[in-house]
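Chain and residue survey
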Amino acid sequence: MIYKETFWMACDSTEQLRAEHGPFQTRAEAERQARKLGFSYLLRYEHLIENQDIREVRCIFIELQPNPSTRAKIPRRLHTRCATCGASCAHTQAWRAEVWADIHEFEHSRHRVRLFEQTRADGLKEIAGWRDACA
Ligand SMILES: [Zn+2]
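The present account deals with the structure reproduced in this document. Everything quoted here is computed from the prediction, not taken from an experiment.

Below, the discussion takes up the side chain of H104. As for its placement among the helices and strands, H104 is situated in helix α3 (residues 94-107). A polar side-chain atom of H104 sits 3.3 Å from a polar atom in the side chain of H111.

Here it is in structure tokens:
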């Protein structure tokens, strides 16, 4: 009689000389541990067992996607700048940028505020149509 046994490891690379941590019964457990250790791969082992002998070992690497919640924690810097008069301001939260633009466009009719996002990689990048998206 043949049966299949599956378990999971957290590992730091797909190289032969890699650090592995485990085993874990579920993918979720292995993934949690991998994220804690800063590892970017999971390894799924499948053992095909016949009469208590391992007949075949299969292993499949799975690359973890960057954690969306870690990404969201990186503070963004937003810059609002009026295209009409050049007044500008920096913000850490999108709603503050919106409030600033609302007040500015209210106090100065027909002024148009543009929004820029500052990231370390790209520098300043305009977020086009942001006011329309909020409306
Ligand atoms: Zn202005």
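On to unusual backbone geometry, then. The omega angle of the peptide bond from G22 to P23 is 0°, so this bond is cis rather than trans. Among the secondary structure elements, P23 is positioned in strand β2 (residues 20-24). Notably, Q52 is not glycine yet its phi reads approximately 65°, a positive angle. Within the fold, Q52 resides in the loop between β3 (41-50) and β4 (53-63). Take Q52: its relative accessible area is 76%, and that puts it in the exposed class. With phi around 70°, R110 is a residue other than glycine that occupies positive phi space. Secondary-structure assignment places R110 in the loop between α3 and β7 (113-119).

Before going further, it helps to spend a moment on the coordination of the zinc ion. Taken together, C82 (SG), C85 (SG), H104 (NE2) and H111 (ND1) make up the full set of protein donors to the zinc ion, lying 2.0 to 2.3 Å away. Around the zinc ion, the four donor atoms sit at angles spanning 105 to 113°, and that spread fits a shape best called tetrahedral. On the basis of relative accessibility, which here comes to 8%, the residue H104 falls in the buried class.

Here strand β1 (residues 2-11) runs beside β3; their pairing, made up of 10 bridges, is antiparallel. The residue bridging K4 from the neighbouring strand is L48, located in β3.

What follows concerns the sheet that holds strand β8 (residues 123-126). Backbone-to-backbone hydrogen bonds join strands into a sheet, with any given pair of strands oriented parallel or antiparallel. Pairing is antiparallel in the open sheet, where four strands are placed in the order β6-β5-β7-β8. Unpaired on one side and paired on the other, β6 (88-91) and β8 mark the two borders of the sheet. Here the average twist between neighbouring strands, direction ignored, is 25°.

The rules behind each value
- Residues numbered from 1 in each chain as written.
- Predicted model: local features only at pLDDT ≥ 70, side-chain atom pairs only at ≥ 80, totals over all residues.
- Heavy atoms only, no water.
- Helix = DSSP H or I, 4+ residues; strand = E, 2+ residues; numbered from the N terminus.
- Polar contact = N/O pair within 3.5 Å; in protein donor to acceptor, adjacent residues only side chain to side chain.
- Buried < 20%, exposed > 50% of the residue type's maximum accessible area, 1.4 Å probe, protein only.
- Donors = N, O, S within 2.8 Å, 3.2 Å for Na, K, Ca; no water.
- Tetrahedral: all angles 85-135°; square planar, octahedral: opposite > 155°, others 65-115°.
- Pairing = 2+ DSSP bridges.
- Axes fitted to C-alpha atoms, helices over the stretch in contact; angles between N-to-C directions.

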